[in-house]
Protein chains: 2
Amino acid sequence: MGYTSYVDLIKELISGKKIISTSMKKEVDRVQAAIEASLSGSCCAIISSGDPGIYAMAGLVFEICKKRSIQVIKPESGLEKEGSICLEVVPGIPAVASGASLLGAPLTHDFACISLSDLLTPWDLIEKRIEHAAIADFVIVLFNPKSKKRAWQLNKAQDIILKYRNDDTPVGLVKNAMRKKQSVLTISLKDLHKADVDMLTTVFIGSSVSEKYLDYMYTPRGYSGKYDIGSVK
Amino acid sequence: MGYTSYVDLIKELISGKKIISTSMKKEVDRVQAAIEASLSGSCCAIISSGDPGIYAMAGLVFEICKKRSIQVIKPESGLEKEGSICLEVVPGIPAVASGASLLGAPLTHDFACISLSDLLTPWDLIEKRIEHAAIADFVIVLFNPKSKKRAWQLNKAQDIILKYRNDDTPVGLVKNAMRKKQSVLTISLKDLHKADVDMLTTVFIGSSVSEKYLDYMYTPRGYSGKYDIGSVK
């Protein structure tokens, strides 16, 4: 059960299984249907891309189960009974990790992840998070940076962060990480508004110590301040 | 090549290979040795636990290569030459994702990751990051929360966050995620100072909207504000 595009990605793994796929923005219907299937005794998987617990569907399963007072039970407990759901959240490699690996190593020090989608979150709160993440010098990872209907949010985020970071702060853009049509690019913060960014792009904005080296971007963890790392023993 | 404990975890995968393992805090020596091996034509892997790019060794490889002006080349480019290193960062499932999956779904909305280790980072900066992450209502994930030599930092973090969050904010503690001696526990923020926390524990501190349900912890993404998720169609 999943969003059509994600189900298509694993077609070969699920041949012979019953497949329910729905279009985007039908998340609630999809999870309700999965819960019903599970309550009626079927074994059912909800597919997300990346890690299902990072900006994905796992939270909604718990949100609905709590609302409906459905008992949720861990598989290893062996306590499953009528009216309960045995649930396992299977972790994956989130976009924040796969994207970082393609850029170099932007996340080897503290970082904050923020979704720019204001469909379910008030923009004021998103802006507050960007501002404080910038003040505290986190590497900032932006999810859902831009869509056809949400065109201005990324520019606003850029303006806020530029109050606290240099123009030439490295920014990494990763689109379709580890998939067809993958693209990986590093630019400077001052050029972010001109970049080709869409819903499938993850944006990595460096902290004040993040560096560019060749086509890579990384965030030192502080070894060079403490050790002599330039010379070979 | 890696820290002894991590090399031990994959013993079966690397039988027959040359293995160089070193004790903790020898990160620079380890990475220098790997770079030397690679420069002299060997194919060499540096092992980290979780994802090598999240609080792990990938950053140090770039840090040293830049300092030593060693060319780093992507495997797919096919441009490798004398004096250069062909480097691939292989992403993994970071502790933040595996830990979250065991707790439920604490990271389905914006979050910040902070290491409490002040060995390489000034404590003032760590404190500033905790404070701003708390003000901006991020779910806060703490790495390296406590060791024998660093006993007070976690209590200080708790005090700061309690200025902005309720006493009963859910906190998840995951130790040895997906390994032997795994332990998973949810407590309230007011009890964090009494909890059994060590260097191998990842601490997940809920935002103001994170909830506990049964033994689980999750962060709603906002569906219940927009949709009627309590009733079944």
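Cut-offs applied
- Residues numbered from 1 in each chain as written.
- Chains lettered and ligands numbered in written order.
- Predicted model: local features only at pLDDT ≥ 70, side-chain atom pairs only at ≥ 80, totals over all residues.
- Heavy atoms only, no water.
- Helix = DSSP H or I, 4+ residues; strand = E, 2+ residues; numbered from the N terminus.
- Buried < 20%, exposed > 50% of the residue type's maximum accessible area, 1.4 Å probe, protein only.
- Contact = heavy atoms within 4.5 Å.
- Buried area = accessible area lost by both parts, 1.4 Å probe.
- Salt bridge = Lys/Arg side-chain N within 4 Å of Asp/Glu carboxyl O.
- Polar contact = N/O pair within 3.5 Å; in protein donor to acceptor, adjacent residues only side chain to side chain.
- Nonpolar A, V, L, I, M, F, W, Y, C, P; charged D, E, K, R; others polar.
- Pairing = 2+ DSSP bridges.
- Axes fitted to C-alpha atoms, helices over the stretch in contact; angles between N-to-C directions.
- Parallel < 35°, antiparallel > 145°, perpendicular 65-115°, else oblique.
- Phe/Tyr/Trp six-rings, centres within 6.5 Å; stacked < 30°, edge-to-face > 60°.
- Lys NZ or Arg CZ within 6 Å of the ring centre and 35° of its normal.
- Domains from an automatic or database assignment.
- UniProt positions renumbered as here; feature names shortened; annotations may be inferred.
- Least-squares fit on C-alpha atoms with pLDDT ≥ 70 in both.

I tried to follow the overall build of chain A on my own but got confused; where do I start?
When you go through chain A residue by residue, the secondary structure sums to seven helices and 12 strands. Dimensions of chain A, computed from the C-alpha atoms along their principal axes, are close to 65 × 50 × 35 Å. Relative to its full complement of 233 residues, chain A shows a buried share of 54%. Taking the intrachain contacts of chain A between residues at least 6 apart in sequence as the baseline, contacts between residues at least 24 apart amount to 66%.

Sorry if this is basic, but what is going on with the interface of chain A and chain B here?
Put simply, an interface is often sized by how much accessible area is lost when its parts join up. The interface of chain A with chain B comprises 82 residues on the first partner and 82 residues on the second. Taken over both partners, the interface formed by chain A and chain B buries close to 7,500 Å², and the fraction arising from carbon and sulfur atoms is 60%. Remark: the boundary between chain A and chain B carries six salt bridges. B:Glu211 serves as the salt-bridge partner of A:Lys66, at 2.5 Å between the closest nitrogen and oxygen. Counting the contacts that link chain A with chain B gives 33 residue pairs in polar contact (both at pLDDT 80 or more). Here the side of chain A that touches chain B gets nine residues from one element, more than from any other, and that element is helix H3 (residues 58-67) of chain A. Looking at the side of chain A that touches chain B residue by residue, the class counts come to 44 nonpolar, 19 polar and 19 charged. As paired strands, strand E6 (residues 111-115) of chain A and strand E6 (residues 111-115) of chain B are joined by three bridges and run antiparallel to one another. Counterpart to A:Cys113 in the pairing with E6(B) is B:Phe111.

I tried to follow H3(A) on my own but got confused; where do I start?
Residues and elements named next belong to chain A. Burial runs high along H3: eight of the 10 residues are buried. All buried positions along H3 are accounted for by Ala58, Gly59, Leu60, Val61, Phe62, Glu63, Ile64 and Cys65. Downstream of H3 by one or two residues, Ser69 has phi in the positive range, about 55°.

Any chance you could explain the packing of helix H5 (residues 123-135) of chain A against helix H5 (residues 123-135) of chain B here in plain terms?
Helix-helix packing: each pair is described by the crossing angle between the helix axes and the interaxial distance. As a packed pair, H5(A) and H5(B) sit with axes 9 Å apart at the nearest point and diverge in direction by 175°. As summarised for this structure, H5(A) and H5(B) are arranged roughly antiparallel, according to the angle between their axes. The segment H5(A) lies against H5(B), with A:Lys128, A:His132 and A:Ile135 engaging B:Lys128, B:His132 and B:Ile135. Tallied by class, the residues present in the contact of H5(A) with H5(B) amount to two nonpolar, two polar and two charged.

Help me understand the packing of aromatic side chains, please; the structure alone is not making it clear to me.
Aromatic ring pairs: the centre-centre distance and the angle between the two ring planes describe each pair. Under the definition given, this model contains 10 aromatic pairs over all chains. With a centroid separation of 5.0 Å and an interplanar angle of 70°, the aromatic rings of B:Trp123 and B:Trp152 are classed as edge-to-face. Taken as a pair, B:Trp123 in helix H5 and B:Trp152 in the loop between strand E7 (139-143) and helix H6 (153-162) lie far apart in primary sequence, 29 residues in all. In textbook terms, an aromatic cluster arises when at least three aromatic residues are bridged by ring pairs, as seen for A:Tyr55, A:Phe143 and B:Phe111. Between B:Lys74 and the ring centre of A:Tyr216, over which it is positioned, the NZ or CZ distance is 5.1 Å.

Would you mind showing me how to read the domain arrangement of chain A here?
All names here are of chain A. Domain boundaries in chain A define domain 1 (2-86) and domain 2 (95-218). Placing the centre of domain 1 and that of domain 2 at their C-alpha centroids yields a distance of 30 Å. For the pair domain 1 and domain 2, the summed buried area comes to about 520 Å², and 66% of that belongs to carbon and sulfur atoms. Remark: the boundary between domain 1 and domain 2 carries zero salt bridges. At the boundary of domain 1 and domain 2, one finds three residue pairs in polar contact (both at pLDDT 80 or more). Residue composition of the side of domain 1 that touches domain 2, grouped by class: two nonpolar, one polar and one charged.

Honestly, the pattern of salt bridges in this entry has me stumped. Any pointers?
Any two side chains of opposite charge can pair, given that their charged atoms come close. As enumerated under the stated definition, the model contains 20 salt bridges over all chains in all. The salt bridge involving A:Lys163 is made with A:Glu131; its shortest N-O contact spans 2.9 Å. Taken together, the positions of A:Lys163 in the loop between helix H6 (153-162) and strand E8 (170-175) and A:Glu131 in helix H5 put the pair 32 residues apart, joining distant regions of the chain. Judged by its relative accessible area of 53%, A:Lys163 falls in the exposed class. A cluster of three or more residues bridged by salt bridges with shared partners is formed by A:Asp110, A:Asp137, A:Arg165 and B:Arg129.

Is there a simple way to think about the UniProt feature "domain: Tetrapyrrole methylase" (unreviewed entry) in chain A in this case?
This chain's UniProt record puts "domain: Tetrapyrrole methylase" (unreviewed entry) on residues 26-192 of chain A. Across residues 26-192 of chain A one finds 33% helix and 18% strand; the C-alpha atoms that close the span lie 31 Å apart.

Can you help me understand the side chain of A:Arg165 in this one?
Residue and element names in this part refer to chain A. By the secondary structure assignment, Arg165 is in the loop between H6 and E8. By relative accessible area, Arg165 is classed as buried at 6%. Within the structure, the side chain of Arg165 is placed 2.8 Å from the backbone oxygen of Phe138, a separation counted as a polar contact. What Arg165 contacts, discounting residues up to four positions off in sequence, is Ala133, Ala134, Asp137, Phe138, Ile140, Leu189, Ile205, Gly206, Ser207 and Ser208.

Help me understand unusual backbone geometry in this model?
Trans is the prevailing form of peptide bonds, just as negative phi is the prevailing case for residues other than glycine. A positive phi angle, close to 55°, is found at A:Leu214, a residue other than glycine. For A:Leu214, the position within the fold is in the loop between strand E11 (211-213) and strand E12 (216-218). One non-glycine residue, B:Asn144, lies in positive phi territory at about 45°.

Is there a simple way to explain the relation of the copies chain A and chain B in this structure?
Each copy of the chain is related to the other by a rotation around an axis and a translation along that axis. Between chain A and chain B, which share one sequence, the superposing operator has a rotation angle of 180° and an axial displacement of 0.0 Å; the RMSD is 0.0 Å. What the rotation and shift describe, once combined, is the action of a two-fold rotation axis. By C-alpha distance to the rotation axis, the residue of chain A lying nearest is A:Ala112, at 2.0 Å.

Is there a simple way to explain the sheet that holds strand E5 (residues 104-105) of chain B in this structure?
Note on sheets: strands pair through backbone hydrogen bonds, and any given pair is parallel or antiparallel. Taking strand neighbours across the sheet as the criterion, the three strands line up as E5-E12-E11 (chain B) in an open arrangement whose pairing is mixed. The open sheet is flanked by E5 and strand E11 (211-213) of chain B, the only strands paired with a single partner. In the sheet, E5(B) pairs with strand E12 (residues 216-218) of chain B via two bridges, with the strands oriented parallel. By the bridge assignment, B:Ala105 is partnered in E12(B) with B:Tyr218. Running over the sheet, H3(A) touches E5, E11 and E12 of chain B and is turned about 115° from E12(B).

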